[in-house]
Amino acid sequence: MKTKVFSMKELTEQQERDAIDTCAAIIKKGGIVAFPTETVYGLGGNSLDAAVSNRIYAAKGRPSDNPLIVHICDMKGLYEVAEEVTDAAIKLAERFWPGPLTMILKKKNVLPDETTGGLDTVAVRMPSHKNALMLIKASGVPIAAPSANSSGKPSPTKAEHVLEDLAGKIDAVIDGGAVDIGLESTIIDLSSDVPVLLRPGFITADMIKEVVGDIERDPTLDEGVCGGMKPKAPGMMYRHYAPNGDMVIVSGDTDNVIEKINELVSEHNPWETAVITTEENKDAYSGCRVVCMGTRQDEQSMARQLYSVLRSMDEYNIKYIYAESFKSDKLGDAIMNRLLKAAGHKVIYVERRY
Ligand code: AMP
Ligand code: MG
């Protein structure tokens with residue numbers, strides 16, 4: 001199959017609408033189309049068609065027990081796929097939709113088991129990206145769309161990343177340029193009494209608490225999958241977002257972190273070793289490739305670059321990757337969550353843990 005590329009660059013409004021209509025026609029016929037959202041690129045198809053969900057899993061090489069997020073373009077779409085739309089869901093939708101928040105709710109039976117991985121809940125989101133909203137509207141169906149990468153690879157933040165992984169396996173890509181946020185949506189589970197944060201993202205825990213009061217946090221976010229604990233979002237179980245090399249995070253006081261990383265780097269060949277850092281510390285390292293993820297003063301710029309940085313590790317055939325730690329109460333929570341997963345939760349603490 002040849003994957004068609006629809007570039008949205010410098011199009012008139014009419015040309016843009018025509019391109020979207022062509023892609024919507026592909027979706028109506030049971031095809032799958034990658035499209036930009038404000039978080040990462042998604043691989044979309046008709047969520048009401050079991051065969052389409054199976055095509056999405058096959059193209060990504062994704063295990064079919066890892067359910068897909070269903071994307072809608074208006075509140076009517078929410079009632080089409082969710083059986084119980086709770087007060088919390090309505091309040092969160094009013095505050096954050098369209099935007100990078102996914103809610104888990106009890107599902108309606110119109111959704112096949114293939115889309116929800118056999119669960120009785122559905123993950124649903126209304127994205128804010130103009131092309132995403134246009135595509136969902138023109139398709140006339142809720143669109144199931146996981147991130148448009150091969151399973152296990154970092155999520156795509158540009159159409160080029162999608163093509164690297166999926167060219168020849170999907171019908172089309174809408175190229176809307178680089179995405180805005182660069183990390184997948186926040187996921188909040190509203191299917192039981194207390195909301196539970198399943199995946200951190202641009203919408204932080206504190207922002208959600210302001211709207212719905214106290215929330216819990218899936219314990220596997222911090223501890224990893226150990227001692228028989230299973231994450232409630234099945235996808236969080238898999239080693240994810242990962243480059244091929246062996247990755248370790250070094251956490252602690254800045255001077256100690258730099259010293260420890262330089263010591264670790266000196267044990268390997270310079271051309272197979274890389275450090276992930278920021279502008280603040282980039283000159284402190286030597287004897288390896290030093291990759292900079294923006295500045296700590298601007299977490300959004302770090303988030304935007306994270307997956308390109310992780311993908312670049314494979315381009316340069318890096319075998320040993322050492323990353324600094326970027327934990328914070330804001331977007332740093334999501335950045336660290338993705339880095340921890342990329343590193344398979346391998347962390348060296350160079351000072352007392354608190
Ligand atoms: P992706 O679309 O690649 O960003 O991944 C979607 C994430 O949402 C995965 O981690 C899924 O396991 C999770 N997810 C989707 N549906 C549900 C659901 N009904 N309950 C819990 N997690 C879900
Ligand atoms: Mg994904």
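Residues numbered from 1 in each chain as written. Chains lettered and ligands numbered in written order. Predicted model: local features only at pLDDT ≥ 70, side-chain atom pairs only at ≥ 80, totals over all residues. Heavy atoms only, no water.

What follows covers the overall build of the protein. Across its full length, the protein holds 12 helices and 16 strands. Relative to the compact-globule value of 20 Å for 354 residues, the protein shows a C-alpha radius of gyration of 20 Å, a close match. In terms of its C-alpha atoms, the protein occupies a principal-axis envelope of roughly 55 × 45 × 35 Å. Looking at the protein residue by residue over its 354 residues, the buried ones come to 55%. For the protein, the share of sequence-separated contacts (at least 6 apart) that also reach a separation of at least 24 residues comes to 68%. Counting only carbon and sulfur atoms, one obtains 48% of the accessible surface of the protein, whose full area is about 15,100 Å². (Helix = DSSP H or I, 4+ residues; strand = E, 2+ residues; numbered from the N terminus. Rg over C-alpha atoms; globule rule 2.2 N^0.38 Å. Buried < 20%, exposed > 50% of the residue type's maximum accessible area, 1.4 Å probe, protein only. Contact = heavy atoms within 4.5 Å. Areas by Shrake-Rupley, 256 points an atom, 1.4 Å probe, with all protein chains shown as cover.)

With that out of the way, let us pick up the pairing of strand β15 (residues 320–324). With respect to burial, β15 is a largely interior element, 4 of its 5 residues being buried. Relative to β15, strand β13 (residues 273–277) runs parallel, the two being bridged by 4 bridges. Across the sheet, Val-275 pairs through a bridge with Tyr-322, a residue of β15. (Pairing = 2+ DSSP bridges.)

Moving on, we get to unusual backbone geometry. Along the chain, Trp-97 connects to Pro-98 via a cis peptide bond; the corresponding omega equals -5 degrees. Looking at the secondary structure, you find Pro-98 in the loop between α4 (87–96) and β5 (101–106). Even without being a glycine, Asn-317 presents a positive backbone phi close to 55 degrees. Tracing the backbone through its elements, the reader meets Asn-317 in the loop between α11 (299–315) and β15. Phi at His-345 is positive, roughly 60 degrees, even though this residue is not glycine. Looking at where His-345 falls in the secondary structure, it is placed in the loop between α12 (331–342) and β16 (347–349).

Under the criterion given, the structure shown has 18 salt bridges. When the shortest N-O distance is used, the salt bridge between Lys-107 and Asp-113 registers 3.4 Å. The buried category is assigned to Lys-107, whose relative accessible area is 12%. We note a salt bridge from Asp-333 to Lys-327, for which the minimum N-O separation is 3.1 Å. The exposure class assigned to Asp-333 is buried, which follows from its relative accessible area of 11%. The exposure class assigned to Lys-327 is exposed, which follows from its relative accessible area of 51%. (Salt bridge = Lys/Arg side-chain N within 4 Å of Asp/Glu carboxyl O.)

A word on the site of ligand 1. For ligand 1, the set of nearby residues contains 21 residues, the closest of which are Arg-62, Asn-66, Thr-121, Arg-199 and Gly-235. The side chain of Asn-66 places a nitrogen or oxygen atom 2.7 Å from an oxygen atom of ligand 1. Here Arg-199 contributes a side-chain N or O atom positioned 2.9 Å from an oxygen atom of ligand 1. Calculation on ligand 1 without its partners gives an accessible area of 500 Å², and the protein chains cover 97% of this total. Residues of the shell around ligand 1, tallied by class, amount to 13 nonpolar, 4 polar and 4 charged. (Near = heavy atom within 4 Å. Polar contact = N/O pair within 3.5 Å; in protein donor to acceptor, adjacent residues only side chain to side chain. Nonpolar A, V, L, I, M, F, W, Y, C, P; charged D, E, K, R; others polar.)

Along the chain, Glu-184 falls in the loop between β8 (172–175) and β9 (186–189). Side-chain polar atoms of Glu-184 contact the side chain of Ser-155, separated by 2.4 Å. Filtering out sequence-adjacent residues up to four positions away, Glu-184 remains in contact with Thr-39, Val-40, Ser-155, Arg-199, Pro-200, Gly-201, Tyr-241, Tyr-307 and Arg-338.

Further remarks concern α12. For α12, built from 12 residues, the straight-helix expectation of 16 Å at 1.5 Å per residue is met to within 8% by its first-to-last C-alpha distance of 17 Å. Burial analysis of α12 places 12 of its 12 residues in the buried class, which makes it a mostly covered element. All of the buried residues along α12 are Leu-331, Gly-332, Asp-333, Ala-334, Ile-335, Met-336, Asn-337, Arg-338, Leu-339, Leu-340, Lys-341 and Ala-342. (Expected span 1.5 Å × (residues − 1).)

This part takes up the sheet that holds strand β14 (residues 289–292). Pairing is parallel in the open sheet, where 5 strands are placed in the order β14-β13-β15-β12-β16. Of all strands in the sheet, those bounded by a partner on one side alone are β14 and β16. If you compare each strand with its neighbour and ignore which way they point, the axes differ by 25 degrees on average. Direction of pairing for β13 relative to β14: parallel, over a ladder of 4 bridges. Counterpart to Thr-277 in the pairing with β14 is Cys-292. Set on the sheet, helix α10 (residues 254–265) makes contact with β12 (246–251), β13, β15 and β16; between it and β15 the angle comes to about 175 degrees. In this fold α12 packs onto β12, β15 and β16, with an angle of close to 135 degrees to the strand it touches most, β12. (Axes fitted to C-alpha atoms, helices over the stretch in contact; angles between N-to-C directions.)

The values are spatial; any link to function lies outside them.
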